[in-house]
Amino acid sequence: MKKFVLAGLVSTLLVACGTSVPLNDVPVEDATARAVGADAGAGAAGSGVQGSGVAPVDLGRAADQAPAPADSRLVYFDYDSFVIKPEFQAVVAAHARFLRAQPNRKVAIEGHTDERGGREYNLALGQKRAEAVRDALAILGVTAGQMEAVSFGKEKPVVVGAEEAAFAKNRRAEIRYP
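One structure accompanies this document, and this report is about it.

## Let's talk about helix H3 (residues 89-101)
Working step 1: Given a rise of 1.5 Å per residue, 13 residues ought to cover 18 Å, and the 18 Å separating the end C-alpha atoms of H3 matches this to within 8%.
Working step 2: Looking at H3, one finds that the buried residues are Val 91, Val 92, Ala 93, Ala 94, His 95, Ala 96, Arg 97, Phe 98 and Leu 99.
Working step 3: Check the buried side of H3 and you find it contacts strand E1 (74-76), strand E2 (107-112), helix H4 (119-139) and strand E4 (172-176).

## Focus: the pattern of salt bridges
Working step 1: Here the structure, examined in full by the defined rule, presents nine salt bridges.
Working step 2: Across the pair Arg 116 and Asp 114 runs a salt bridge whose closest N-O atoms are separated by 2.8 Å.
Working step 3: A salt bridge links Glu 174 to Arg 176; the nearest nitrogen and oxygen atoms lie 2.4 Å apart.
Working step 4: Residue Glu 174 is classed as buried on the basis of its relative accessible area of 10%.
Working step 5: Residue classification places Arg 176 among the partly exposed positions, given a relative accessible area of 40%.

## With respect to the sheet that holds E4
Working step 1: Spatially, the four strands line up as an open sheet ordered E1-E4-E2-E3, and their pairing is mixed. Each end of this open sheet is capped by a strand with a single partner; those strands are E1 and strand E3 (147-153). When the angles between neighbouring strand axes are averaged without regard to direction, this sheet yields 20°.
Working step 2: Pairing of E2 with E3 involves six bridges; the strand directions are parallel. Looking at E3, one finds that Ala 108 is bridged to Glu 148.
Working step 3: Running over the sheet, H4 touches E1, E2, E3 and E4 and is turned about 155° from E3.

So, how was this worked out
- Residues numbered from 1 in each chain as written.
- Predicted model: local features only at pLDDT ≥ 70, side-chain atom pairs only at ≥ 80, totals over all residues.
- Heavy atoms only, no water.
- Helix = DSSP H or I, 4+ residues; strand = E, 2+ residues; numbered from the N terminus.
- Expected span 1.5 Å × (residues − 1).
- Buried < 20%, exposed > 50% of the residue type's maximum accessible area, 1.4 Å probe, protein only.
- Contact = heavy atoms within 4.5 Å.
- Salt bridge = Lys/Arg side-chain N within 4 Å of Asp/Glu carboxyl O.
- Pairing = 2+ DSSP bridges.
- Axes fitted to C-alpha atoms, helices over the stretch in contact; angles between N-to-C directions.

Function-wise, these values are silent; they only describe arrangement.
Structure, rendered in structure tokens:
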């Protein structure tokens, strides 16, 4: 009798967990294809989603047009954050173009924090900042073998001081070429 009850419970559970949604139907619409099709009629194919506020990234620039990465090697972050701010996305894109043009070149991305917080917390936050820049470079086509992300936490401040201006300069990721 126990076996019949157990079998009934298992079959009820399996039926309850089932779905009637077909798994081969994709419920997500590809807005990019629709936007490119709409832009093609306007003569601006591939310019991105119109009216979205997202600027297109030109990955097709020639390698000889890639700016030297010495122009800017710093990406600054907000307090307690590892999100790359929009004003530094051009810096990351310039380094991505440079590294794609030179696939044998290596880069080290160093994450730093201000002096607030404990040593372990700041090492972890610095690592997340370095990895955020590394991940952004990877999205833009840089191979994983070219990049290394390392954290220095609060150990290497660029500006010494206990005011917000000093803290802001120390919350950074540095892109270094060996």
